Every structure is written in C-alpha cells, then in structure tokens.
Amino acid sequence: MLAALCPLGLWAQGIADIIATLKTLDCYQASARFTVSMPQLPEDVPYDVELVAMAAPEDTLLPCSYLIDWELTGRDEPVKGFTAYYDGNHYRFSGERLQEYHIDWDGVAFAPGGKKEMGVQRTAQFVAMLPQVMALELESYESDPAYRMTLHADTLIGGAERTAIEVVRLIDGVVAMEGEYVFDKDTSLPLRVHFENSPGTISEQSVDIRYTSADTTSADCASLSEEALMERYPQEFEMYRQSNYRIENLPGHRLPGFALPTTTGERYARRAGESFRAPTIVAILEGAGGYNKEVVESLRKAVDSLPMEADVIWAFVDTNIDRIEGTVGQIRPGEHLLMSARGLARDCGVASFPVIVLTRSNGVVGDVVLGYNNDLTSSVIQKMALLGEE
C-alpha cells in the first residue's frame, strides 16, 4: 500500500531530487519488460528492451545519447529492432526498414514547430523509458496545469521501501491518464512505470514497464557513432538502408578499407589508410541492377579521355560470376573486378545502385556520383580532372 502523502515542502523537494538524480546520470544500462494491454486484444503485447544512455550535456536537443534494442516476444519468430540517437543523428530500425534523420539535413524533424520535445529523438518508441528522458517528462507534468502529481516519499511496495509518484491527467475534468512511477528509495532509479490511458473507455490502454536490472557504476557506455552502429547492425545497414546521407557526405574522408575476392579466385585488399597507385574510380554495382553495362562503357570512355592515368575498381555486391563478368567483359590494364562488396557498400553508406566514388591517389574521396545518366562520362571527366589539380 502507498503511505501517507508528504507535506507540500517535502513534496516539491522530493520530486525535484528525483528529477535531478535522473537528469545527471552519466552512464545508464538496464533491461526491462514493456507490456501493452488493451481490452480488444486477445493477449498482452510484451517487449524485452535493452537500454543504454550516456549523458550529453552539450547537446541542445536531448540531454543524452542512447541505444535501445527491443524484441517483440511471444511470437513464432521474434520481431527485433533498435533505436539510436547521438549528436543530432537519429536511427530507427523496425519491420525491415532502417530510417535515419540528421540535423544538418532535416532540422525540422528534430524540432517540429520549434518544439524539440516533439522531435524524432524524443518521441521514438521506448525513449521515454530512459531516466534522463523520464526526468524531462516529470518536469513537463509539473509545469502543465492539466496534470496532478502526488509524491509518496516513503512507502512499502511488495514488502520493500520505495518512493512513488502518482500522476493524473485531466482533460475538461475527465481523467485521460493515470500513471504511477516507482523508484528505488536509495538510488532514485526507476523500478516500475504503469500507465492507464483513457481509463474506462473503449480505447483504454494499459502500459506496464518493469525494470529487471539497472547499472550506473560499472556500465560500459562507449560513445556512439555511425561506424559503431554499422558494426553492431551490419545486416540492417547493408540490406535496409534507404538514405544516401552517408555516401553524399563521404567526400573529404578516406575510402573505407576492404578485402574482397576477384571473380578469378584471388583477393584484393586495401586498408583504410593506404594510398592507391593512381586516382581511382570505384564503381559499386548490383549485378541485377539496370544500366550496369552503360555505366561500364561510360566510365571507360571517361578514363580514356582523362589528362592523367586513373584506375577503376568494379565492386559488385553480389556473387554471380557469370553475370558480373558478362557485364564488365574483358578487364583492361588498371582495372580490378571484385565481388561480395556489400560490406563496402554498407561502409560507404550506399542506399541504391549504381554509385561511383571518385578517389584521390592518397585514398581520400574527392566526389561521388549517384545513379546513371547520359552525362556520366563528361561528369566523371570533369570531376576527376579537378581531383588531379588539387
């Protein structure tokens, strides 16, 4: 049972203390079970969720970066996904679809109508389970007259001493939501959160969150980056990426390293820091894609017209040797024919094919060309000539 209410002064101080603790966590890792129940559903919908959150005091969009892995359980084949945010970059994968948002591409997505609390980084599934975001939610309740909050500073729940906050949201005098937050009395870390949305109506929904473990002392919160996410989720980035953000921002950076087989059973390997023999055109192709032969013809015409020597790497993501060799034909001096290049495509951020990466001899990408068009030859000649002058 919940104990008696706190006096007003202790009430305000107690909630403020909890919020302050949640907001100032440097590194947080936890496992939780998230369950949704609705009268019209024959059974509950349970998710197992793994949470990692790192303090990001310089980030004006959200006070933490995070990585959330989730799995919809109770199915013959579990459905899995992830959500991640760091430094104005947001990724979410679900249902064989990888979505991504980047502040320098689409600032509106992070603060629609100027409201960062409505941004993709804040509203994504399971983000509200993070302590740092929970603190923002509790602060918003305090400043919103539609909400009523009650603190139970020292109460027994399940035979253990806990701290609890009850929340009620009223709309035109009608209860729209009832919530309960239960915290560890000593650490103020969340143990359970329960919501009843639209109680007593046909659209009633119950959400129950139970944290099964939490760590703020020995947790390993390595900084997030796109490279780290691609290493952690290689298939998701290889198969389901839809945005060209990374490939269009590749110029000025070194071409990722790779080691790929040739169609003749040899291997071509290059580390990320290594140079090329000459300026190099890397054509990343999909064997079943259209315009492959036109791309090969256009690039060869471009190389023949360049004022300097240039090499070409034909990197096919598939492994159909007959189709690959039939597309490229006889290999010319300075050319390399590679296959199984899906990892290279992923590391470059290729979302659709073909992609032409124009690389200086020092291994730094100078420019990229996405797709095929009738001006490909002249475009490559112009861009490669500029690289040779730099």
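Scroll up to find the structure.
Figured I'd write up the structure that's included with this text. The numbering scheme is per chain: residues are counted from 1 as the chain's sequence reads. Local features in this predicted model are restricted to residues whose pLDDT is 70 or higher, and side-chain atom pairs enter the listing and the counts only when it is 80 or higher, whereas totals over whole chains, interfaces and linings include all residues. Heavy atoms from the whole structure form the basis of all side-chain values; hydrogens and water molecules are not counted.

Some details on the packing of helix α7 (residues 292-305) against helix α8 (residues 321-328)
Between α7 and α8, whose axes approach to 8 Å, the crossing angle comes to 40 degrees. The orientation of α7 relative to α8 falls into the category oblique. Across the interface between the two elements, Asn292, Lys293, Val296 and Arg300 of α7 pack against Gly326, Thr327 and Val328 of α8. Side-chain classes are defined by residue name, with Ala, Val, Leu, Ile, Met, Phe, Trp, Tyr, Cys and Pro counting as nonpolar, Asp, Glu, Lys and Arg as charged, and the others, Gly among them, as polar. Considered class by class, the residues forming the contact of α7 with α8 number two nonpolar, three polar and two charged. Lines fitted to C-alpha atoms define the axes, with helix axes restricted to the stretch in contact, and inter-axis angles between N-to-C directions lie between 0 and 180 degrees. Helical segments are the DSSP runs of H or I of at least four residues, strand segments are the runs of E of at least two, and each set is numbered from the N terminus. In these notes the angle categories are as follows: under 35 degrees is roughly parallel, over 145 is roughly antiparallel, 65 to 115 is roughly perpendicular, and the rest is oblique. We call two residues in contact whenever any of their non-hydrogen atoms come within 4.5 Å of each other.

Here's the deal with the sheet that holds strand β14 (residues 280-285)
Sheets are built from strands that pair by backbone hydrogen bonding, the pairs being arranged parallel or antiparallel. Taken in spatial order, the five strands line up as β16-β15-β14-β17-β18 in an open sheet, and their pairing is mixed. Of all strands in the sheet, those bounded by a partner on one side alone are β16 (335-338) and β18 (365-370). Here the average twist between neighbouring strands, direction ignored, is 15 degrees. The pairing of strand β15 (residues 311-316) with β16 spans four bridges and is classified as parallel. Of the residues in β16, the one forming a bridge with Trp314 is Leu337. The strands touched by α8 are β15 and β16; relative to β15, the strand with the most contacts, the crossing angle is about 150 degrees. Pairing between two strands is assigned when DSSP locates at least 2 bridges connecting them.

Looking at the state of the cysteines
The disulfide definition used here is simple: a pair of cysteine sulfur atoms within 2.5 Å. Summed over all chains, the structure comprises one disulfide. A sulfur-sulfur separation of 1.9 Å characterises the disulfide bridge that pairs Cys27 with Cys221. Judged by the sign of its S-S torsion, about 85 degrees, the bond between Cys27 and Cys221 is right-handed. Linking Cys27 in strand β1 (residues 27-37) with Cys221 in the loop between β11 (205-215) and α4 (226-232), this pair joins segments that are 194 residues apart in sequence.

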